[in-house]
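# Examining the three-dimensional arrangement
The lines below spell out each chain.
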Amino acid sequence: MAMSDSPRVTATRQRSARRRLGLLYVGLIVLGLVAPFVAYPVFLMKILCFALFASAFNLLLGFAGLLSFGHAAFLATGAYITGFLLSTYPGLTPELGILIGTLGSAVLGMLFGILAIRRQGIYFAMITLALAQMMFFFFIQAPFTGGEDGLHGVPRGKLFGLFSLQSNLALYYFVFAVFVLGFALIQRTVHSPFGQVLKAIRENEPRAVSLGYDTDTYKLVAFVISAGLAGLAGATKTLVFQLASLGDAHWHMSGEVILMTLLGGVGTLLGPLVGASLVIGLQHQLSQSPLGDWVSVILGTIFVLCVLSFRSGIIGELQKLVKRNFK
Amino acid sequence: MTTIFGIPLMVLFGQLLLGLINGAFYALLSLGLAVIFGLLKVINFAHGAQYMLGAFAALLGLEYLGLDYWLALLVVPLVVGALGILIERLLLRRIQHIDHLYGLLLTFGLALIFEGTLVNLFGVSGSSYPVPEVLAGGFNLGFMFLPTYRAWVLVAALVVCLFTWFMIERTRLGAYLRAGTENPKLMQAFGVNVPLLVTLTYGFGVALAAFAGVLAAPIYPVSPTMGSSLLIVVFAVVVIGGMGSILGAILTGLAMGLIEGLTKVFYPEAANTVIFLVMIVVLLLRPAGLFGKEA
């Protein structure tokens with residue numbers, strides 16, 4: 001911000017920026033509403049689920065500076081709990097199943113968080129990875145997950161017991177609503193005073209401590225929110241594909257969500273959405289091409305390239321471009 | 001037959017030996033991670049992949065070049081270590097000035113590339129590497145049967161671990177390394193070529209992983225994914241031990257192997273997870289790790 005800006009000019013500028021952002025969100029929602037008439041709804045739902053997953057992950061990495069390498073555990077917990085409940089209790093409505101799955105993930109997030117925030121930086125990443133691997137072994141052996149086979153044929157049921165989610169189009173609008181709710185929650189969190197403290201912790205934790213903030217509590221709450229939303233993404237995904245499997249819990253999944261966020265732009269709200277769309281789209285394209293076996297090599301290469309020369313991600317670079325040219 | 005808590009003594013000692021061998025690999029790998037982390041402040045996520053490359057290089061060397069086990073033990077760490085030097089010079093060097101989490105992400109990408117490439121070339125099922133003739137067979141110790149190769153793995157791993165400890169704690173080069181860990185800028189000002197030291201350290205850490213890979217080839221199935229699952233356990237071992245001390249890393253590695261072995265005897269269901277559980281307990285009681293220095 002230039003020195004000469006009077007408060008009023010700053011306020012006007014902020015207001016117009018907010019208006020532009022509001023317009024962007026309205027545009028995106030309209031796009032989301034008409035999308036299933038243009039593209040295959042199941043594919044779109046997959047993107048929405050992973051976009052929510054990546055946004056939840058980004059809340060931690062982008063706004064609190066915590067790199068979790070174990071987010072697959074939360075995705076899988078949400079998926080398994082919801083899948084198990086919906087297939088075992090036919091009377092349970094899908095939104096309740098999803099809610100319980102989300103809560104289950106949040107509780108697991110609380111346990112992981114209490115342990116992991118005792119260490120910082122690289123140790124935080126290693127601890128979350130190790131804990132997630134423990135959950136992976138737990139899911140293999142636990143009686144309710146179907147072991148190596150996973151859970152199949154999870155019924156989609158009727159929303160609130162009234163609206164059948166059997167058709168992909170109906171389910172799409174439900175998934176879209178879930179995504180918008182989750183995204184709004186993240187947006188609200190980031191821009192709340194709580195979110196400001198998180199950013200302060202990201203920038204300089206000792207300083208935040210010296211200002212009197214109980215940083216551990218802030219980090220823990222952020223971790224629980226992120227885990228819960230990751231679980232929500234997993235639970236919703238179970239409804240879409242009607243299955244929950246070990247692939248959700250594998251450490252590759254934790255890596256993929258990092259890649260989505262990094263590629264789209266760490267610490268930007270729209271970045272994870274863009275990154276998830278690109279990665280899922282790429283996987284989809286590759287799986288139908290002769291390069292299908294090389295997915296993980298290609299993802300690894302994108303990883304390396306992103307880290308070397310594209311660290312702000314797509315949205316981050318766009319923001320820089322806009323700032324430079326339209327200030 | 002003698003039993004203890006209803007478990008035949010032979011079985012108990014057999015599992016303890018297996019545990020000790022696993023522990024030797026944990027020690028070798030966590031040692032390499034600790035050495036690299038000390039100077040570069042980067043957690044080398046490609047460590048497991050480099051261990052796997054070591055095992056594969058030994059296997060392919062034998063198949064196509066007729067490289068025998070003993071030569072492989074010498075040549076493979078050099079070759080894979082040279083690959084490490086390339087990685088450091090071409091990639092890690094470019095990001096050493098930014099947040100070290102990016103180093104973790106970069107090496108994670110490399111791990112995906114190595115693993116994915118080998119899966120495509122050789123498939124996921126493992127192949128086996130023959131035990132060298134001199135080390136075939138075993139001794140009957142009365143209370144248990146000790147295969148010679150396993151005894152050799154233990155001895156070799158311990159010797160290399162202690163050699164590394166000696167190098168770092170008792171030689172001039174090691175003193176430079178420790179000083180560089182404390183304050184690289186001051187070392188540079190004193191005229192020590194720190195960038196070269198960093199490169200060699202990474203190369204050495206990678207060579208250790210490859211050496212472990214060659215050692216492992218005759219006892220574990222050689223497959224592209226053999227490294228990644230092992231590495232996550234090694235991460236837990238590193239969190240338990242803390243990366244402040246070389247001897248600490250070695251001891252923690254061996255101890256975790258033994259605990260895993262014991263769990264296999266008494267409660268096999270938890271054998272995969274026991275090390276993670278130990279990690280949880282350590283985090284609750286002593287967050288800095290058993291041998292950790294920082295708070």
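About the criteria used
Residues numbered from 1 in each chain as written. Chains lettered and ligands numbered in written order. Predicted model: local features only at pLDDT ≥ 70, side-chain atom pairs only at ≥ 80, totals over all residues. Helix = DSSP H or I, 4+ residues; strand = E, 2+ residues; numbered from the N terminus. Rg over C-alpha atoms; globule rule 2.2 N^0.38 Å. Buried ≥ 20, exposed ≤ 12 C-beta atoms within 10 Å, placed from the backbone. Contact = placed C-beta atoms within 7 Å. Expected span 1.5 Å × (residues − 1). Core = buried A, V, L, I, M, F, W, Y, C linked by C-beta atoms within 7 Å. Nonpolar A, V, L, I, M, F, W, Y, C, P; charged D, E, K, R; others polar. Axes fitted to C-alpha atoms, helices over the stretch in contact; angles between N-to-C directions. Parallel < 35°, antiparallel > 145°, perpendicular 65-115°, else oblique. Left-handed = near helix turned anticlockwise from the far one by under 90°. pLDDT = per-residue confidence, 0-100.

What follows concerns the overall build of chain B. Helix and strand content of chain B: eleven helices and four strands. On C-alpha atoms alone, chain B measures out to a radius of gyration of 19 Å, which is about the 19 Å that the 2.2 N^0.38 rule sets for 295 residues. Counting only C-alpha atoms and orienting by the principal axes, one finds that chain B spans roughly 65 × 50 × 35 Å. Looking at chain B residue by residue over its 295 residues, the buried ones come to 48%.

Within chain A, the secondary structure is distributed over 13 helices and two strands. Rg of the C-alpha trace for chain A: 20 Å, near the compact-globule value of 20 Å for 327 residues, within the 12% margin. In terms of its C-alpha atoms, chain A occupies a principal-axis envelope of roughly 65 × 45 × 45 Å. When each of the 327 residues of chain A is scored for burial, the buried share is 47%. Put simply, 78% of the contacts in chain A that link residues at least 6 apart link residues at least 24 apart.

Residues and elements named next belong to chain B. Here helix H3 (residues 69-90) spans 31 Å end to end across 22 residues, near enough to the 32 Å set by a 1.5 Å rise per residue. When H3 is considered as a whole, its buried residues turn out to be Tyr 69, Ala 72, Val 76, Pro 77, Val 80, Gly 81, Gly 84, Ile 87 and Glu 88. Tucked into the core, H3 has its buried residues touching helix H2 (47-65), helix H4 (101-122) and helix H8 (194-216).

This part covers the environment of Val240(A). All names here are of chain A. Residue placement: Val 240 occurs in helix H9 (residues 215-241). Along the primary structure Val 240 and Val 175 are separated by 65 residues, whereas in three dimensions their C-alpha atoms are 8.3 Å apart. With sequence-adjacent residues up to four places away left out, Val 240 is seen in contact with Val 42, Met 45, Lys 46, Cys 49, Leu 171 and Val 175.

Core analysis: the biggest nonpolar cluster contains 196 residues, and Leu52(A), Phe53(A), Met126(A), Ala130(A), Ala55(B), Ala236(B) and Met279(B) have the highest contact counts within it. Here the element with the most residues in this core is helix H2 (residues 41-64) of chain A; it accounts for 17 residues. Dropping the residues within four chain positions of it, Ala130(A) is found in contact with Ile232(B), Phe235(B), Ala236(B), Val239(B), Phe276(B) and Met279(B).

As a further point, take the interface of chain A and chain B. Contact residues are listed per partner, giving 34 residues for chain A and 32 residues for chain B. For the side of chain A that touches chain B, the elements supplying multiple residues, two or more each, are helix H5 (121-141), helix H10 (251-264) and helix H12 (295-309) of chain A. No other element matches the 14 residues that H5(A) contributes to the side of chain A that touches chain B. Of the residues contributing to the side of chain A that touches chain B, the split by class is 23 nonpolar, seven polar and four charged.

Right, let's talk about the environment of Ala255(B) for a bit. Residue and element names in this part refer to chain B. As for its placement among the helices and strands, Ala 255 is situated in helix H10 (residues 246-266). Judged by local crowding, Ala 255 falls into the buried class, with 20 C-beta atoms found within 10 Å. When the C-alpha atoms of Ala 255 and Pro 218 are compared, they prove to be 23 Å apart, with 37 residues separating the residues in sequence.

Attention shifts here to the packing of H2(B) against H8(B). Residues and elements named next belong to chain B. In the contact formed by H2 and H8, the axes pass within 7 Å of each other and the chain directions differ by 50°. By the angle between their directions, the pair H2 and H8 is classed as oblique. For the crossing formed where H2 meets H8, the hand is right-handed. Contacts from His 47, Gln 50, Tyr 51, Met 52, Leu 53, Gly 54, Ala 55 and Ala 58 in H2 reach Val 206, Ala 209, Ala 210, Phe 211, Ala 212, Gly 213, Val 214 and Ala 216 in H8. When grouped by side-chain class, the residues that make up the contact of H2 with H8 number twelve nonpolar, four polar and no charged.

Turning our eyes to something else, we now look at unusual backbone geometry. As a rule of thumb, non-glycine residues mostly have phi less than zero, and peptide bonds are mostly trans rather than cis. Despite not being glycine, Gln242(A) has its phi angle at roughly 60°, a positive value. Under the C-beta neighbour-count criterion, Gln242(A) is labelled partly exposed, with 15 such atoms within 10 Å. Unlike most non-glycine residues, Lys41(B) shows phi in positive territory, near 60°. Structurally, the position occupied by Lys41(B) is in the loop between helix H1 (9-40) and H2.

Moving on: the confidence of the model for chain A. Here chain A shows a mean pLDDT of 89. Residues at 70 or above account for 98%. Looking across chain A, the model is least confident in strand S1 (residues 158-159) of chain A, with a mean pLDDT of 77, and most confident in H9(A), with 94.

Residue and element names in this part refer to chain A. Within the secondary structure, Thr 301 is located in helix H12. According to the C-beta neighbour criterion, Thr 301 is partly exposed, with 16 such atoms within 10 Å. As for Thr 301 and Phe 50, which are separated by 251 residues in sequence, their C-alpha atoms are 20 Å apart.

Summarising the model, chain B shows a mean pLDDT of 88, and 97% of its residues fall at 70 or more. Both scores are given for the predicted complex: the pTM is 0.89, the ipTM 0.88.

A few words now on the packing of H2(B) against H4(B). All names here are of chain B. The interhelical angle for the contact between H2 and H4, taken along N-to-C directions, is 30°, at an axis separation of 9 Å. Regarding the angle of H2 to H4, the classification is roughly parallel. Like other packed secondary-structure pairs, H2 and H4 cross with a definite hand, here left-handed. Where H2 abuts H4, its residues Gly 48, Ala 49, Leu 53 and Phe 56 lie against Leu 110, Ala 111, Phe 114, Glu 115 and Leu 118.

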